[in-house]
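# A look at the structure
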Amino acid sequence: MLQNYDVIVVGAGHAGCEAAAAAANLGALTLLITMDMERIAQMSCNPAMGGIAKGQIIREIDALGGYSAIITDKSTIQFRMLNKSKGPAMWSPRAQCDRFKFSENWRLQLESLSNLHLWQGTVQNLMVKDNQVEGVVTDLGVEFFSKSVVLTNGTFLNGLIHIGRVQQIGGRIAERASFKLTEQLIELGFEAGRMKTGTPVRIDGRSINFSILQEQKGDESFHTFSYLNDTKSKLTQKSCFVTYTNEKVHEILKRGFEDSPLFNGTIQSIGPRYCPSIETKLVTFSDKNEHHLFLEPEGQDTVEFYLNGFSSSLPWNIQYEAINNIEGLENARIFRPGYAIEYDFFPPTQLYHSLETKKIKNLFFAGQINGTTGYEEAAAQGLIAGINAYLSINNKESFVLSRDEAYIGVLIDDLVTKGVDEPYRMFTSRAEYRVLLRQDNADQRLTEKSFKIGLADKNRYELYKNKYININNLIIFISNLSIKPEKINPFLEERVTSPLKQKVKLSNIVLRPQISLFEIVNHVDKLKSYIKENSISEEIIESAEISLKYQGYIERERILADKLKRLEDLNIDGKFDFLKIHTLSTEARQKLNQIQPKTIGQASRISGVNPSDINILLVLLGR
């Protein structure tokens, strides 16, 4: 039996799957250890991928050669592009998935990788020598040796489930927790903490009165998550449904507050601010008489529905009674109540941007172990950790994305620089350069970078190059094509925009906010012929239109990013003993010493480091 590996990944959630796949595809002999091979990449909470900012992350993972987008596309039962009424910097893809197919597709993908081996078991200890990881030991006493280890333990480290006053030990409902690893890491000098997350009740769809609910259908469009051209879902597309809580529901829920672990002191750990439980909503938004709820299908062939917006740790009977007072759910039966779960995490300021730990060489953390929440944030970290685990053991430079290159760069920089005081969730507002970091251009930003390190394959790279050749050629064609008033004015008047008085370039018409390039195609014969003759896809048309309409905004943000990047390029790694610089504030000295920023730019984003502290460092750097 083979027990020597280049990379070992612990945990087969979204982070672990991406980490193991990346390391294996780069050439590392990789072992993925999971507690249950039947639950690989389990969608333990909502059966969906993407959403605001999260959709951009999945497209970035795809552009880099990861698998989350491909698996999502193959498992999709509803696709929507969110925020289409806003500018393209805010557009965010989201897909409802068949969670059973999702897990199955991930397992099949992993099993197809020749460099990747699987082992079912629980890791209880790391083998560490001279501050360098050398392998892991499982609960059966099996020793696996490796040059690098990636920990992606999710909610399993000392996991504790709460339903009212009832507590169960577990990493997820009906799944055991993992013990001993936290305690060892603390002995090795790591700081640990506790966080809390939760999940809603699951409902039997046969007992739901859909006829009185608001139906929410998916988009019928060309969009997918992956930039590859053969990933469109073949599954039956399903609708979601909208309903609301009401004052009667709120009264019932409040009766359970004295038994709520969130309010009676049982749960002391930090919960997610941006995905609060229903009981937290009633306290935080006490002036609201109703809250949105979304009934989301769990799969193509199941009657199970997820009640999004109703996460709870209240007693099961309170949850049940409240649900039966919601419109459409008067006769609903539940499969299981919602629950809260507490678990261990490790403040991510203990990591480098590569996600390698500062204390133990070649040990990497990714996912909820770093204090994040969400499949997408976990998968992104897993991908970067897997890449860097391979690069590190081959003595190659770390692969790090900057804040103006990717949402993944923003995510990781926020984690290692600022740390977390609650489960971290990505939003478009966290990115300073969201006009640059659009979901449509992730391949333009990242595929070449990934190709250079050997992860994105040649086929993906050629698709990317051909796509942007076609986009640029289409823009040139539109910019050079002149349009006569008599040819286009009827269409312009129909769109309630000023008619032409003289011949103009087609690009000038495309710039008008009332005009869509997709609509113009049917009114300009030369453009229609060009698109047909060159087999121009809808994706290319959309990207060309975004480039034309928003060129000024894009160029302005690029100039701003380049200016601010000068701070990023001012290297201070190892140049200061921050504790000895007494002109810095006490908090700044402590934070800078703890995090050891590599650049002035990173130092400026540390909580507690003020502009005056940065000016002091700049003066000292000049000397």
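Overview of the structure. (Residues numbered from 1 in each chain as written. Predicted model: local features only at pLDDT ≥ 70, side-chain atom pairs only at ≥ 80, totals over all residues. Heavy atoms only, no water.)

### Let's talk about the environment of Thr 243
With respect to the helices and strands, the residue Thr 243 is situated in strand β14 (residues 240-244). With residues near it in sequence (within four places) discarded, Thr 243 still touches Leu 213, His 291, His 292, Leu 293, Ile 326 and Glu 327. Here Glu 327 takes part through its backbone oxygen, which lies 2.9 Å from a polar atom of the side chain of Thr 243. (Helix = DSSP H or I, 4+ residues; strand = E, 2+ residues; numbered from the N terminus. Contact = heavy atoms within 4.5 Å. Polar contact = N/O pair within 3.5 Å; in protein donor to acceptor, adjacent residues only side chain to side chain.)

### Quick notes on the sheet that holds strand β4 (residues 76-82)
Strand order in the open sheet formed by 3 strands is β3-β5-β4, and the pairing between neighbours is antiparallel. Whereas interior strands pair on both sides, the edge strands pair on one side only; in this sheet they are β3 (48-50) and β4. In this sheet, neighbouring strand axes are inclined to one another by 15° on average, regardless of whether the strands run parallel or antiparallel. As judged from the 6 bridges shared by β4 and strand β5 (residues 92-97), these two strands associate in the antiparallel manner. Counted as the bridge partner of Arg 80 is Arg 94 from β5. (Pairing = 2+ DSSP bridges. Axes fitted to C-alpha atoms, helices over the stretch in contact; angles between N-to-C directions.)

### Looking at helix α16 (residues 525-533)
Among all positions of α16, only Leu 527, Tyr 530 and Ile 531 are buried. Considered in projection along α16, the buried side chains sweep an arc of 95° and stay on one side of the axis. Every exposed residue of α16 that faces more than 90 degrees away from the buried side is listed here: Asp 525, Lys 526, Lys 532 and Glu 533. Those residues of α16 that are buried lie in contact with α12 (458-480), α14 (506-510), α15 (517-520) and α17 (538-549). Residue Ser 535 follows α16 closely and has a positive phi angle near 50°. (Buried < 20%, exposed > 50% of the residue type's maximum accessible area, 1.4 Å probe, protein only. Arc of directions from axis to C-beta.)

### Regarding unusual backbone geometry
One non-glycine residue, Asn 83, lies in positive phi territory at about 65°. The residue Asn 83 is located in the loop between β4 and β5 in this model. On the accessibility criterion, Asn 83 (21% relative accessible area) is partly exposed. The backbone phi angle of Asp 130 is positive, close to 50°, even though this residue is not glycine.

### Topic: the nonpolar core
Judged by nonpolar contacts, the single largest core of 101 residues is most densely connected at Leu 151, Leu 363 and Ile 408. Sorting elements by how many residues they give to this core places helix α9 (residues 375-393) first, with 12 residues. Here Leu 363 is in contact with Leu 126, Val 133, Val 149, Leu 151, Leu 185, Phe 190, Leu 355, Glu 356 and Thr 357, once residues within four sequence places are set aside. (Core = buried A, V, L, I, M, F, W, Y, C linked by side-chain atoms within 4.5 Å.)

### Side note on the packing of aromatic side chains
Each aromatic ring pair is summarised here by two numbers: the centre-to-centre distance and the angle between the ring planes. Enumeration according to the criterion identifies 18 aromatic pairs in this entry. Centre to centre, the rings of Phe 210 and Phe 305 are 5.3 Å apart; their planes meet at 50°, and the pair counts as tilted. Taken as a pair, Phe 210 in the loop between β12 (193-204) and β13 (214-216) and Phe 305 in strand β16 (residues 304-311) lie far apart in primary sequence, 95 residues in all. Its relative accessible area of 24% is what places Phe 210 among the partly exposed residues. Considering the side-chain rings of Phe 477 and Tyr 530, the 4.3 Å spacing of their centres and the 15° angle between planes classify their relative orientation as stacked. Remark: Tyr 530 occurs in helix α16 and Phe 477 occurs in helix α12; sequence separation between them is 53 residues. (Phe/Tyr/Trp six-rings, centres within 6.5 Å; stacked < 30°, edge-to-face > 60°.)

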